[in-house]
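# Results of the structural survey
Residues per chain, in single letters:
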Amino acid sequence: MSYKHIQELDLSKDFILPCKKDNLETIKQFISIEKPDFDGSFLSDQLIYGKDGNRIYLVGLGEDKNATQIEATFRKFAFETQKNWNSEIQLYAENLDNIAVQKAIIGLEMAQYKIGEFKSNKEAQKEVSVLIASSKEIKEFILEGSFTGKTINKIKALVDAPPNVKTPEYLGEWAQKSSKEAKYTSTVLKVKQLEKQGFHAVLAVGKGSIHPPVVIINEYKAKKTDAIDIALVGKGITFDSGGLSIKPSTNLHYMKSDMGGAAVVLGVVELVAKLQLNINIIGVVAAAENAVDANSYRPGDVINSYAGKTIEIIDTDAEGRLVLADGINFAIKKYNPEYIIDLATLTGSVVRTFGYAAAGMFTENQEMANTMSKIGFDVHERVWQLPMFEDYEADLQSDIADIKNFNGKPIEGAINAAKFLESFTENHKKWMHLDIAGVSFGASQYAKMKSATGFGIQLITNFIKEKAGN
Ligand code: BES
Ligand code: ZN
Ligand code: ZN
């Protein structure tokens with residue numbers, strides 16, 4: 001799909017007419033119907049025909065409270081009707097503000113995502129040109145919407161890819177390819193380097209797999225100075241069997257999505273580079289497969305870490321916090337970033353707490369929390385804060401090592417994981433952890449089984465935009 005700005009609608013050709021709920025003035029301007037049987041409800045649409053036999057699609061934007069979800073209405077509309085579109089379709093955007101134009105394009109682009117990449121007979125992709133009619137200066141918003149939608153689709157394809165295909169090294173190759181296209185630098189540390197540099201926890205988690213672990217470091221620098229403004233760290237477990245603390249088999253295939261945090265980090269760096277934001281960022285992905293093998297790490301093992309802290313393994317299924325501990329500590333020691341945010345499909349506990357409606361947010365920095373929370377509502381990728389009280393620290397103490405990877409209790413699961421990560425942050429004052437286990441993969445009207453959502457791309461990109469002063 002491509003997008004072009006035009007000044008005026010051609011009323012004889014096909015066009016999309018967005019309408020707010022119970023505000024059909026826009027319709028009356030173009031068509032003479034006294035009482036249209038369409039009220040502009042959120043997620044609704046209706047096809048009527050113009051004088052020239054052209055298609056006019058009425059698309060419901062709903063009420064003001066639905067404004068944060070404009071992409072949802074355009075995505076559903078395009079998903080259902082695009083098979084009938086010609087090679088060009090116009091969008092009347094005079095009554096949409098700039099952000100709404102951007103969201104509409106993200107929605108149209110999201111509808112292009114095809115989940116059946118591994119089917120023998122793939123659906124043919126139709127090239128449609130969307131002409132956005134407005135007298136306003138909206139080119140920049142069109143471009144940003146298009147880049148954002150395309151990145152979300154790429155990231156979804158990565159999360160939905162089968163785990164025998166997307167090995168840790170495959171994530172590394174993805175980053176290398178993306179870095180050439182979007183013009184940033186990418187370094188992939190393989191086992192030898194990981195051993196040399198001391199990524200002991202990443203190596204321990206990856207030991208049981210025939211697919212070796214990697215750490216990916218993506219750097220995008222737009223400023224003249226070298227200082228890193230924001231570091232992102234992602235959990236990249238390409239398949240989480242639980243390891244020797246093996247998971248039950250029900251829904252185990254969904255554990256291919258345990259690299260959802262890594263996918264956000266990879267996607268955001270690519271998008272920020274494409275948008276050429278004036279900021280210096282790095283994205284670190286700690287990738288491994290948590291597999292069952294004679295060589296797997298065990299419950300009871302004591303392992304080392306990048307930070308030099310020894311960790312007693314209570315449960316090999318609490319592997320995400322181990323790879324992240326190395327990733328976070330490396331990012332802080334090597335790059336000393338002003339802000340550091342990690343993203344991870346970290347705990348079942350956060351899914352039990354928030355379901356599929358919000359990510360768990362953990363930080364001691366209230367200003368960061370407030371900013372992230374507001375952006376979350378604006379882009380409808382919501383986050384909700386949980387406490388980091390000192391009271392939870394006792395549960396990290398191990399008798400035989402510096403720390404243990406799980407409290408062994410059926411309580412405070414997501415908080416216990418966050419407190420574990422915190423102890424590897426060297427008391428960084430602007431660190432945040434987002435547990436996206438519930439929101440990065442889920443049921444939707446676009447697939448029969450659960451699939452990737454793209455959660456996090458807009459949230460983190462907008463946070464970065466705010467810090468870049470855009
Ligand atoms: N990858 C899982 C968390 C997860 C659960 C992600 C459901 C997506 C959906 C993580 O590695 C895990 O297994 N966590 C355990 C930790 C426990 C053993 C301490 C959990 O939350 O049950
Ligand atoms: Zn696990
Ligand atoms: Zn996991």
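Look up: the structure comes first, before these words.
A few points on the structure.

The rules behind each value
- Residues numbered from 1 in each chain as written.
- Chains lettered and ligands numbered in written order.
- Predicted model: local features only at pLDDT ≥ 70, side-chain atom pairs only at ≥ 80, totals over all residues.
- Heavy atoms only, no water.
- Pairing = 2+ DSSP bridges.
- Helix = DSSP H or I, 4+ residues; strand = E, 2+ residues; numbered from the N terminus.
- Axes fitted to C-alpha atoms, helices over the stretch in contact; angles between N-to-C directions.
- Contact = heavy atoms within 4.5 Å.
- Near = heavy atom within 4 Å.
- Polar contact = N/O pair within 3.5 Å; in protein donor to acceptor, adjacent residues only side chain to side chain.
- Areas by Shrake-Rupley, 256 points an atom, 1.4 Å probe, with all protein chains shown as cover.
- Nonpolar A, V, L, I, M, F, W, Y, C, P; charged D, E, K, R; others polar.

In space, the 6 strands of this open sheet follow the order 1-6-5-2-4-3, with mixed pairing throughout. Looking at strand neighbours, the two that pair on one side only are strand 1 (2-6) and strand 3 (45-49), the edges of this open sheet. The mean inter-strand angle of the sheet, taken between neighbouring strand axes irrespective of direction, is 25°. Along the sheet, helix 2 (residues 70-81) makes contact with strand 2 (15-20), strand 3, strand 4 (55-62) and strand 5 (88-92), crossing strand 4 at roughly 150°.

On to the sheet that holds strand 14 (residues 359-362). Read across the open sheet, the 8 strands follow the order 7-8-10-9-13-17-14-15; overall the sheet is mixed. One side of each edge strand has no neighbouring strand; the edge strands of this open sheet are strand 7 (185-189) and strand 15 (383-385). Mean inter-strand twist for the sheet, computed between neighbouring axes without regard to direction, equals 20°. Inspection of the sheet shows strand 14 paired to strand 17 (residues 431-435) by 3 bridges, in the antiparallel sense. Residue Gly360 lies in a different strand from strand 17, and its bridge partner there is Asp435. Of the strands in this sheet, strand 7, strand 8 (214-221), strand 9 (230-240) and strand 10 (280-290) are in contact with helix 5 (residues 168-182), which crosses strand 7 at around 160°.

As a structural note, the neighbourhood of ligand 1 is formed by 16 residues, with Asp240, Lys247, Asp258, Asp317 and Gly348 the closest of them. Separating a nitrogen atom of ligand 1 from a backbone N or O atom of Thr345 is a distance of 3.5 Å. Computed on the free molecule, ligand 1 has an accessible area of 530 Å², of which 80% lies beneath the protein chains in the complex. Its residues placed into classes, the shell around ligand 1 shows 5 nonpolar, 3 polar and 8 charged.

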